[in-house]
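An overview of the molecular structure
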Amino acid sequence: MRFLLILFLALPTISSANAIWGKTGHRVTGQIAEKHLTRKAKKAINKLLDGHSLAFVSTYADEIKSDRAYSSYSPWHYVNYALGTRYQDASKSEFGDIVMAIETCTNVLKNPNSSQEDKIFHLKLLVHFIGDLHQPMHAGRSADKGGNDIQLQWFDQGTNLHRVWDSNLIDYYNMGYVELANELDRSIDKKERKQLQQGGVYDWLDESHEFAATIYSSVEVGEKLGYSYAYEYNDLVFSQLQKGGFRLAKVLNDIFS
Ligand code: ADE
Ligand code: ZN
Ligand code: ZN
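Presented here is an overview of the structure given in this document. (Residues numbered from 1 in each chain as written. Chains lettered and ligands numbered in written order. Predicted model: local features only at pLDDT ≥ 70, side-chain atom pairs only at ≥ 80, totals over all residues. Heavy atoms only, no water.)

1. Brief notes about the coordination of the zinc ion (ligand 2)
Bound to the zinc ion (ligand 2) are the protein donor atoms H138 (NE2), H162 (NE2), D166 (OD) and D166 (OD), situated 2.0 to 2.5 Å from the metal. For the zinc ion (ligand 2), the four donor atoms are set out with angles of 53 to 154° between them, so the coordination reads as irregular. Every donor residue of the zinc ion (ligand 2) comes from the same chain, spaced as H-x23-H-x3-D. Looking at H138, the relative accessible area reads 5%, which means it is buried. (Donors = N, O, S within 2.8 Å, 3.2 Å for Na, K, Ca; no water. Tetrahedral: all angles 85-135°; square planar, octahedral: opposite > 155°, others 65-115°. Buried < 20%, exposed > 50% of the residue type's maximum accessible area, 1.4 Å probe, protein only.)

2. Focus: a positive patch on the surface
A contiguous patch of positive charge on the surface is contributed by K35, R39, K42, K43 and K47. Within the secondary structure, K47 is located in helix α3 (residues 39–48). (Patch = residues over 30% accessible without salt bridge, like charges linked within 9 Å, V, L, I, M, F, W, Y side chains within 5 Å. Areas by Shrake-Rupley, 256 points an atom, 1.4 Å probe, with all protein chains shown as cover. Salt bridge = Lys/Arg side-chain N within 4 Å of Asp/Glu carboxyl O. Lys, Arg positive; Asp, Glu negative; His and termini not counted. Charge placed at Lys NZ, Arg CZ, Asp CG, Glu CD. Helix = DSSP H or I, 4+ residues; strand = E, 2+ residues; numbered from the N terminus.)

3. Overview of the site of ligand 1
Surveying the vicinity of ligand 1 reveals the residues Y78, N80, M137, H138, K145, G146, N148 and H162. Between N80 and ligand 1, the recorded distance is 2.8 Å, taken from a side-chain N or O atom to a nitrogen atom. M137 has a polar backbone atom sitting 3.1 Å from a nitrogen atom of ligand 1. Burial of ligand 1 by the protein amounts to 85% of the accessible area it has alone, namely 260 Å². Of the residues belonging to the shell around ligand 1, the class tally is two nonpolar, five polar and one charged. (Near = heavy atom within 4 Å. Polar contact = N/O pair within 3.5 Å; in protein donor to acceptor, adjacent residues only side chain to side chain. Nonpolar A, V, L, I, M, F, W, Y, C, P; charged D, E, K, R; others polar.)

4. Describing the packing of aromatic side chains
Applying the stated criterion across every chain, the model contains 16 aromatic pairs. Seen in terms of ring centroids, W76 and F129 are 6.3 Å apart; in terms of plane orientation they differ by 55°. Their pairing is tilted. Separated by 53 residues along the polypeptide, W76 in the loop between α5 (60–63) and α6 (98–110) and F129 in helix α7 (residues 116–133) bring together distant segments of the chain. Relative to Y227, the ring of F155 has its centre 4.9 Å away and its plane inclined at 80°; by these criteria the two rings are edge-to-face. Placement of F155 in the loop between β1 (151–154) and β2 (157–160) and of Y227 in helix α12 (residues 227–256) is noted, with a sequence separation of 72 residues between them. Classification of Y227 as exposed rests on a relative accessible area of 60%. Feature note: the residues Y60, Y70, Y73, W76, F121 and F129 constitute an aromatic cluster, connected by ring pairs. Sitting above the plane of the Y87 ring, K92 keeps its charged end 4.5 Å from the centroid. Above the plane of the ring of Y60 lies K124, whose end atom (NZ or CZ) is 4.3 Å from the centre. (Phe/Tyr/Trp six-rings, centres within 6.5 Å; stacked < 30°, edge-to-face > 60°. Lys NZ or Arg CZ within 6 Å of the ring centre and 35° of its normal.)

5. Observations concerning the side chain of N253
Within the secondary structure, N253 is located in helix α12. A polar contact is formed between the side chain of N253 and the backbone oxygen of H36, at a distance of 3.0 Å. Residue contacts for N253: discarding those within four places in its chain leaves H36, L37, T38 and A41. (Contact = heavy atoms within 4.5 Å.)

6. As for the coordination of the zinc ion (ligand 3)
For the zinc ion (ligand 3), the full set of protein donor atoms is H77 (ND1), H128 (NE2) and D132 (OD), and the range of their distances to it is 2.0 to 2.2 Å. Separation of the zinc ion (ligand 3) from the zinc ion (ligand 2) amounts to 5.7 Å. With H77 in the loop between α5 and α6 and H128 in helix α7, the pair connects residues that are 51 residues apart, well separated along the chain. With relative accessibility at 0%, the residue H128 sits in the buried group.

7. Some points on the environment of G222
Structurally, G222 can be placed in the loop between α11 (201–216) and β3 (224–225). Along the primary structure G222 and L152 are separated by 70 residues, whereas in three dimensions their C-alpha atoms are 4.5 Å apart. In contact with G222, not counting residues within four places along its chain, are Q151 and L152.

8. A word on the pattern of salt bridges
Taken as a whole and assessed by the stated rule, the structure comprises eight salt bridges. The shortest N-O distance in the salt bridge between R86 and D89 comes to 4.0 Å. Look at D89 and you get exposed, because its relative accessible area is 63%. E207 is paired through a salt bridge with K243; the nearest N and O atoms lie 3.1 Å apart. Placement of E207 in helix α11 and of K243 in helix α12 is noted, with a sequence separation of 36 residues between them. Salt bridges sharing common partners tie together E207, K243 and R247.

It is worth stressing that arrangement in space is one thing and function is another; only the former is reported here.
What follows is the structure, encoded as structure tokens:
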């Protein structure tokens with residue numbers, strides 16, 4: 001009985017802990033970026049992270065979610081605004097959002113008066129948030145919490161639209177993060193890479209938000225998704241992961257070089 005009670009209490013935690021651009025997605029983004037840092041950025045980052053890789057620290061911002069002391073950081077992972085509008089024109093949340101989060105992290109890292117401890121914390125968060133920025137459902141609609149309230153089936157398993165894009169599509173591909181990162185790194189030339197590093201956080205967010213609109217119209221509530229959905233959207237998932245990686249490198253190089 002006690003076991004059942006514990007299981008029952010733990011279930012909501014287990015399911016919400018999964019509602020995050022899955023670990024693989026974040027690690028791919030970190031792993032790609034790692035290979036495109038300038039010498040100066042690499043040195044500064046290596047020192048702050050005590051030798052750990054960007055891939056390794058990329059999931060830290062999700063790990064602290066289980067600690068109530070960090071609950072004020074929860075709204076920093078996403079922003080919701082009306083489809084067909086731009087972030088710049090949207091009313092902003094007093095609790096912060098992913099854009100304000102990225103700006104805060106950047107400012108802390110650039111400020112020579114910031115403590116080491118603050119720099120380390122905000123660097124880990126920044127690596128994570130540039131990843132989240134490229135998960136289109138982190139730039140979705142507030143009525144359904146970025147797709148979290150849109151229940152679906154993924155093959156024979158219950159899921160929701162948010163989770164399909166956080167992890168179901170990526171996990172389905174069954175490649176490790178290093179393999180995926182290598183693949184996405186080698187399949188683009190320098191000119192294309194420079195191209196997708198153009199612009200800034202506002203552009204990248206509105207681009208994700210436009211993909212979110214397409215994704216919302218790609219499903220009916222309760223639908224069972226499988227092979228054909230993966231076939232249709234694999235390219236978009238991979239392209240977003242690739243952009244996340246190269247843009248993270250750009251953001252870090254701008255801060256540390
Ligand atoms: N909670 C509310 N909206 C969300 C979103 N877009 N992504 C993740 N969690 C959310
Ligand atoms: Zn998520
Ligand atoms: Zn996140």
